[in-house]
Amino acid sequence: MSGPSVPPNAGKIMAAVQRALRGLDVGSIEATQILSWANSETPAIYDRDQTAYLVLGSYRDPYLRRVRAVSDRLNRRYGTYAFLIGDLADIDIPRLPEFRVKFHISATLSDYVAAIFEQDAGGEVNELGKLGETEYFEKAYAFPRSYHWEMEENLTAKRDVLAAGAQILAATDVDGETKAAELEALVERADQAGIDITVDAVANELEDQHIGVPSYSWVHLNDFRLFELHERCYPWTTEDELLDTTDELPGAPRPGWEQQ
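Given the structure is predicted, the values throughout are model-derived calculations rather than measurements.

Peer 1: What is the right way to look at the overall build of the protein in this model?
Peer 2: Counting its secondary structure elements, the protein contains 12 helices and 4 strands. C-alpha extents for the protein along the principal axes are approximately 75 × 45 × 30 Å. Across the protein, contacts joining residues at least 24 apart in sequence account for 78% of those joining residues at least 6 apart. Entry remark: accessible area of the protein is about 12700 Å², with carbon and sulfur atoms responsible for 48%. Separation of charge centres in the protein, based on 24 positive and 45 negative side chains, amounts to 6 Å.

If you want it as structure tokens, here you go:
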């Protein structure tokens, strides 16, 4: 009786497992379970005749619906396979952190990673950290809802400065002194962009206006800024905007007839 089939990229998969487990020893039975799972679940990811996109985001309502919408949009492209980690079957490895294993294998085998963010809590917070600190960063794209770009070239009018200021003030896990310093820096960038506004004016106008922004943590904002500097950050507000920005991801385009 022959043993379970081994995927052709078993070495690459087990290297991803080692990254996931930080070098923890994996038992022979666990390795067999992982490779058997990979042989069954991952061929569509690494099929060289198509582009594979791992789509990350919250699995809670109503966020999951938009994550699914991005996956569906990508799957309309020629030769594309877009998927969520939740679409993959479970691995029978009760001793090991299964999600970490699935994440690292999936991210390793995918051509691109699209990560949708709408809040400062939930599993996607950890996913953002993994993307920013690992080799997966080079293939990853961030889609943060209502993130207001603060780079000088993105400040074209006073409303842009106010939106960025609202985001700074709404940030969690940061003290007032840091927020004040960031507002000062924002106003300096606005001045360099030819926008005449002061810190007091920003603070006063924000008191009078209600500008809805997610209360991202300072960690979120710093990671978004990193993606922004690498030109792989796509802010959005509505679901239509999210889907339109999804079309900017590299890879095969949507069919011409479908875009008309």
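Peer 1: What exactly am I supposed to notice about the pattern of salt bridges here?
Peer 2: Close approach of charged atoms allows side chains of opposite charge to pair. The tally for this structure, following the rule as stated, stands at 13 salt bridges. For Arg 95, the salt bridge goes to Glu 30, with nearest N and O atoms at 2.8 Å. One end of the pair, Arg 95, is in the loop between strand 2 (80-83) and helix 5 (98-109); the other, Glu 30, is in helix 2 (residues 28-41), and 65 residues separate them in sequence. As a salt-bridge pair, Lys 102 and Asp 90 come within 3.9 Å of each other at their nearest N and O atoms. Within this pair, whereas Lys 102 is found in helix 5, its partner Asp 90 is found in the loop between strand 2 and helix 5, the two being separated by 12 residues in sequence. Its relative accessible area of 6% is what places Lys 102 among the buried residues. Within the structure, one salt-bridge network assembled from shared partners comprises Arg 66, Glu 118 and Arg 145.

Peer 1: I keep staring at helix 5 and nothing clicks. Help me out?
Peer 2: Along an α-helix, a turn takes 3.6 residues, which lines up residues three or four apart on a common side. Taking 1.5 Å per residue, 12 residues should reach 16 Å; helix 5 reaches 17 Å between its end C-alpha atoms and fits that length. Of all 12 residues in helix 5, 9 are buried; the element is thus mostly enclosed. Buried within helix 5 we find Val 101, Lys 102, Phe 103, His 104, Ile 105, Ser 106, Ala 107, Thr 108 and Leu 109.

Peer 1: What exactly am I supposed to notice about the sheet that holds strand 1 (residues 51-56) here?
Peer 2: The pairing of strands in a sheet happens through backbone hydrogen bonds and is either parallel or antiparallel. Sheet architecture is open: 4 strands sit in the order 2-1-3-4, paired in parallel fashion. Of all strands in the sheet, those bounded by a partner on one side alone are strand 2 and strand 4 (140-144). Pairwise comparison of adjacent strand axes, ignoring direction, gives a mean angle of 20 degrees for this sheet. Where strand 1 lies against strand 3 (residues 112-117), 4 bridges are found, and the strand directions are parallel. Bridge pairing links Leu 54 to Val 113 in strand 3. Here helix 4 (residues 63-74) sits on the sheet and contacts strand 1, strand 2 and strand 3; the angle it forms with strand 1, its principal contact strand, is near 170 degrees.

Scoring rules and cut-offs
Residue indices begin from 1 for each chain and proceed along its sequence in written order. Predicted model: local features are reported for residues with pLDDT of at least 70 only, side-chain atom pairs are reported and counted for 80 or more only, and whole-chain, interface and lining totals are derived from all residues. Side-chain measures here rest on the full set of heavy atoms in the structure, leaving out hydrogens and waters. Each helix is a run of H or I in the DSSP string that is no shorter than four residues. Each strand is a run of E no shorter than two, and both are numbered from the N terminus. Whether two residues are in contact is decided by their heavy atoms: any pair within 4.5 Å suffices. Here the Shrake-Rupley method, with its probe set to 1.4 Å, supplies the accessible areas, and only the displayed protein chains count as covering residues. In summary, the charge assignment counts Lys and Arg as positive and Asp and Glu as negative, without counting His or the chain termini. The location of each charge is read from NZ of Lys, CZ of Arg, CG of Asp or CD of Glu. The salt bridge criterion pairs a side-chain nitrogen of Lys or Arg with a carboxyl oxygen of Asp or Glu, the two atoms within 4 Å. Exposure classes here rest on a 1.4 Å probe applied to the protein chains alone. A residue is buried below 20% of its type maximum, exposed above 50%, and partly exposed in between. Each residue after the first adds 1.5 Å to the expected span of a helix. A pair of strands is considered paired only if DSSP assigns at least 2 bridges between the two. Inter-axis angles, ranging from 0 to 180 degrees, are taken between N-to-C directions of lines fitted to C-alpha atoms, where helices are fitted over the stretch in contact.

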